[in-house]
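A closer look at the structure
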Amino acid sequence: MLAKSLIIFVGIGVFAGLGYGIFLMDVKNTSQLIYVEGSSLSIVTEKFDFKKGEDIQIRIINSGTTQVNFTDTSYGLRITGLSGILMYSPSSTPSVSILDPGEEVIFLWDQKKNDGDGALEGLYKISVKGTDPQGMSIEKSATVTIWK
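Reading the values: rules and limits
- Residues numbered from 1 in each chain as written.
- Predicted model: local features only at pLDDT ≥ 70, side-chain atom pairs only at ≥ 80, totals over all residues.
- Heavy atoms only, no water.
- Pairing = 2+ DSSP bridges.
- Helix = DSSP H or I, 4+ residues; strand = E, 2+ residues; numbered from the N terminus.
- Salt bridge = Lys/Arg side-chain N within 4 Å of Asp/Glu carboxyl O.
- Buried < 20%, exposed > 50% of the residue type's maximum accessible area, 1.4 Å probe, protein only.
- 1 Å grid on protein atoms, 1.4 Å probe; cavity = no way out; pocket = protein on both sides within 12 Å on 5 of 7 lines; lining within 4 Å.
- Points joined across faces, edges and corners; volume = space filled by probe spheres on them.
- Nonpolar A, V, L, I, M, F, W, Y, C, P; charged D, E, K, R; others polar.
- Axes fitted to C-alpha atoms, helices over the stretch in contact; angles between N-to-C directions.

Quick word on the pairing of strand 9 (residues 122-131)
Taken together, the 4 bridges between strand 5 (residues 78-81) and strand 9 define a ladder with antiparallel strand orientation. Each bridged residue has a counterpart across the sheet, and for Gly 81 the counterpart in strand 9 is Tyr 124. Bridge count for strand 9 against strand 10 (residues 137-147) is 10 bridges, and the pairing is antiparallel. Pairing of Val 128 across the sheet is with Lys 140, part of strand 10. In sequence, strand 9 turns back onto strand 10 through a hairpin of 5 residues, with Gly 135 there showing a positive phi of about 90°.

Laid out in structure tokens, this is it:
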């Protein structure tokens, strides 16, 4: 009796694990760049998972059909922990920066926080914020994971 129930439970576990894995593959959005009509921003990184200390290239792309304005030269880039605490923002000067449709700007984050310490393992949210010509706010965010 014990062997029969063990086989049933192991079989259910294998199928449940397979189903959950397929579900997670569908949930994780791997298409970061989608062009749309109107105002839109996209954040593109070369991958989602990074080793600790590895440089992270962040591309901010105007993926819409209208110009996007930013209030400084950092293009509104902020990297926070999932709790919302600011970890990094590039140094910038107050100046209007503009991204025309299809244009992009590239930043490189060396996983150093603003205080100079290295980022710890975990999930980080990369976000950008700008405005369209009518003054409406445009925001986009993406998450990356730093592993040991």
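A few points about the pattern of salt bridges
Across all of its chains, the model carries 3 salt bridges by this definition. Glu 54 serves as the salt-bridge partner of Lys 47, at 2.8 Å between the closest nitrogen and oxygen. With relative accessibility at 24%, the residue Glu 54 sits in the partly exposed group. A salt bridge links Arg 59 to Glu 104, with the nearest nitrogen and oxygen atoms 2.9 Å apart. Placement of the pair is Arg 59 in strand 3 (residues 56-62) and Glu 104 in strand 8 (residues 104-109), with a sequence separation of 45 residues.

A word on the layout of surface pockets
In this structure, the second largest pocket encloses a volume near 170 Å³. Thr 71, Asp 72, Gly 76, Lys 129 and Gly 130 are, among the 13 residues lining the second largest pocket, the residues nearest its centre. Elements supplying a minimum of two residues to the lining of the second largest pocket: strand 4 (68-72) and strand 9. No other element matches strand 4, which puts 4 residues into the lining of the second largest pocket. Its residues assigned to classes, the lining of the second largest pocket comprises 3 nonpolar, 7 polar and 3 charged.

Observations concerning the sheet that holds strand 1 (residues 41-45)
Spatial ordering of the open sheet is given by 1-3-8, a layout of 3 strands whose pairing is antiparallel. A single partner strand is all that each edge strand has here, and the edge strands are strand 1 and strand 8. Sheet twist, expressed as the mean angle between neighbouring strand axes with direction ignored, is 20°. Of the pairings in the sheet, the one linking strand 3 to strand 8 comprises 6 bridges and is antiparallel in character. Note on strand 8: the bridge partner recorded for Ile 61 is Glu 104.

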